[in-house]
Amino acid sequence: MKPPLDPEGPLDPEGPMDPDGLSDHARLNRESWDADSDQYQTDHGPQLAESRGLAWGVWQIPESELGVLGRVRGLDILELGCGAAQWSIALYREGARPVGLDLSEVQLAHARRLMSEAGVVFPLVHASAESVPLPGESFDIVFCDYGATTFADPYLWVPETARLLRPGGLLAFSGATPLIQMCYPDDTDHPDDSDHPGDRLLRDYFGMRALPYEGYVDFMLPYGEWIALFHANGFEIEDLLELRPPVDAVSSYRDATDREWSRRWPAEQIWRVRRR
Ligand SMILES: C[S@@+](CC[C@H](N)C(=O)[O-])C[C@H]1O[C@@H](n2cnc3c(N)ncnc32)[C@H](O)[C@@H]1O
């Protein structure tokens, strides 16, 4: 499939919308996640279940080690791109009041299945993180683990999270690093499938924003742009965690070659920023 976006061209935040009010890349990503969801849950559901929902990134580093969200009891929490809601189910069990949001109806069907199995009930919202149909200042925490923040345009979703958070609220999200994005072979294959990052920079750093792959679009910004975007939307930066897997880590998402790369260079990061 031809990439829908020119990776080097500017994106128009008001730009092409389908009848559902979705941007072109959100519509493409929704189709892709609806098509891939069942296989994704078959492939990765067991690892996510083993981590009991409270672990970060492809190497599932426990929240108890990283302490990204901290104490959640009694807090209103929005998960952006919740998938099958493994995180939100775990947070509900910790005493939080989660809301799971996802663009994919099939992913949300898996969330309903896991919630029913767990015997828990909380709201699920079918929408894009780029335009969230919820009132402002409703949440203490907005977060995700490789969720919508990987697939949505930061120039749309960062202002949305600033609107949704109460003053003093926390935004935390994990995803790939600019470094690993620059080291993947420069083709249109999904980097999760069989490609491995190399030890050379193959893409430009400046100008990085939409990364069109076969059938879907990822987003990534240079560090200076992330920082400027957070500041412009009233966030103070608390932390940038660069994740390093243990020597013997195993993952349903990655193989030993990826693990060795990730032991040498940061492949994943977690931003932790707070609304002033
Ligand atoms: C890799 S999954 C992450 C979910 C969960 N943390 C996990 O590890 O399975 C990414 C999720 O983001 C959702 N997503 C992609 N683009 C989105 C958008 N614009 N708004 C909301 N959700 C989106 C996808 O449908 C998918 O469920």
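The structure under discussion appears in the preceding block.
Residues numbered from 1 in each chain as written. Predicted model: local features only at pLDDT ≥ 70, side-chain atom pairs only at ≥ 80, totals over all residues. Heavy atoms only, no water.

Topic: the environment of F219
Part 1 of the argument: Checked against the element boundaries, F219 lands in strand β9 (residues 216–219).
Part 2 of the argument: Using a relative accessible area of 2% as the deciding quantity, one classes F219 as buried.
Part 3 of the argument: In this structure the C-alpha to C-alpha distance between F219 and M208, which are eleven residues apart in sequence, comes to 8.1 Å. (Helix = DSSP H or I, 4+ residues; strand = E, 2+ residues; numbered from the N terminus. Buried < 20%, exposed > 50% of the residue type's maximum accessible area, 1.4 Å probe, protein only.)

A closer look at helix α3 (residues 86–93)
Part 1 of the argument: Among the eight residues in α3, six count as buried, and that is most of the element.
Part 2 of the argument: Along α3, the residues classified as buried are Q86, W87, S88, I89, A90 and L91.
Part 3 of the argument: One or two residues past the end of α3 sits G95, with phi positive at roughly 100 degrees.

Some details on the packing of aromatic side chains
Part 1 of the argument: Across all of its chains, the model carries 20 aromatic pairs by this definition.
Part 2 of the argument: Between W87 and F143, the aromatic rings sit 5.3 Å apart at their centres with planes inclined by 65 degrees, giving edge-to-face as the arrangement. With W87 in helix α3 and F143 in strand β6 (residues 139–145), this pair connects stretches of sequence that are 56 residues apart. A single burial state applies to W87 and to F143, both of which are buried.
Part 3 of the argument: Seen in terms of ring centroids, W226 and W271 are 6.4 Å apart; in terms of plane orientation they differ by 50 degrees. Their pairing is tilted. A residue pair is termed long-range when its members are at least 10 positions apart, and W226 in helix α8 (residues 223–232) and W271 in strand β11 (residues 268–275) qualify at 45 residues. Summarising the burial analysis for this pair, W226 and W271 share the class buried. (Phe/Tyr/Trp six-rings, centres within 6.5 Å; stacked < 30°, edge-to-face > 60°.)

Brief notes about the site of the ligand
Part 1 of the argument: Not every one of the 21 residues close to the ligand is listed here, only the nearest: Y40, D102, Q107, A129 and D145.
Part 2 of the argument: S128 places a polar side-chain atom, nitrogen or oxygen, 3.1 Å from a nitrogen atom of the ligand.
Part 3 of the argument: Look at the ligand: alone it shows 590 Å² of surface, and the protein chains cover 96% of it.
Part 4 of the argument: Listed by contribution, the elements that provide at least two residues to the shell around the ligand are α1 (24–50), β4 (97–102) and α5 (148–151).
Part 5 of the argument: With three residues, the single largest contributor to the shell around the ligand is α1.
Part 6 of the argument: Residue composition of the shell around the ligand, grouped by class: 13 nonpolar, six polar and two charged. (Near = heavy atom within 4 Å. Polar contact = N/O pair within 3.5 Å; in protein donor to acceptor, adjacent residues only side chain to side chain. Areas by Shrake-Rupley, 256 points an atom, 1.4 Å probe, with all protein chains shown as cover. Nonpolar A, V, L, I, M, F, W, Y, C, P; charged D, E, K, R; others polar.)

Examining unusual backbone geometry
Part 1 of the argument: You will see that Q60, though not glycine, has its phi angle at about 50 degrees, which is positive.
Part 2 of the argument: Mapped onto the elements of the fold, Q60 is located in the loop between β1 (55–56) and β2 (61–62).
Part 3 of the argument: A positive phi angle is found at A85, which is not glycine, with a value near 65 degrees.
Part 4 of the argument: Along the polypeptide, A85 turns up in the loop between β3 (76–80) and α3.
Part 5 of the argument: For A85, a relative accessible area of 0% corresponds to the buried category.

Points about the packing of α3 against helix α4 (residues 105–118)
Part 1 of the argument: Relative orientation of the contacting elements α3 and α4 amounts to 30 degrees, with a least axis distance of 10 Å. Relative to α4, the element α3 is oriented roughly parallel. Here the hand of the crossing between α3 and α4 comes out right-handed. Facing Q86, I89 and R93 of α3, the residues of α4 in contact are L114, M115 and A118.
Part 2 of the argument: Tallied by class, residues from the contact of α3 with α4 come to four nonpolar, one polar and one charged. (Axes fitted to C-alpha atoms, helices over the stretch in contact; angles between N-to-C directions. Parallel < 35°, antiparallel > 145°, perpendicular 65-115°, else oblique. Left-handed = near helix turned anticlockwise from the far one by under 90°. Contact = heavy atoms within 4.5 Å.)

Focus on the pattern of salt bridges
Part 1 of the argument: Under the defined criterion, the tally for this structure stands at 14 salt bridges.
Part 2 of the argument: With a shortest N-O distance of 2.9 Å, D76 and R166 are connected by a salt bridge. Of this pair, D76 sits in strand β3 while R166 sits in strand β7 (residues 165–176), placing them 90 residues apart in sequence.
Part 3 of the argument: Under the relative-accessibility criterion, D76 is labelled buried at 15%. (Salt bridge = Lys/Arg side-chain N within 4 Å of Asp/Glu carboxyl O.)

Quick notes on the packing of α1 against α4
Part 1 of the argument: Packing of α1 against α4 leaves a shortest axis separation of 7 Å and a crossing angle of 35 degrees. For the pair α1 and α4, the contacting residues are W33, D34, S37, D38, Y40 and Q41 in the first and E105, V106, Q107, H110 and R113 in the second.
Part 2 of the argument: When its residues are assigned to classes, the contact of α1 with α4 shows three nonpolar, four polar and four charged.

Side note on α4
Part 1 of the argument: With 14 residues, α4 should cover 20 Å at 1.5 Å per step; its first-to-last C-alpha distance of 20 Å lies within 8% of that length.
Part 2 of the argument: Among the residues of α4, Q107, L108, H110, A111, L114 and M115 are the ones counted as buried. What you see down the axis of α4 is that its buried residues fit within an arc of 155 degrees, all on one side. Facing away from the buried side of α4 by over 90 degrees, the exposed positions are S116 and E117.
Part 3 of the argument: Residues of α4 that are buried in the fold lie against α1, α3, β4 and β5 (124–126).
Part 4 of the argument: The backbone nitrogen of V106 has a side-chain oxygen 3.3 Å away, supplied by the residue at the start of α4, namely S104.
Part 5 of the argument: G119 sits one or two residues past α4 and shows a positive phi near 70 degrees. (Expected span 1.5 Å × (residues − 1). Arc of directions from axis to C-beta.)

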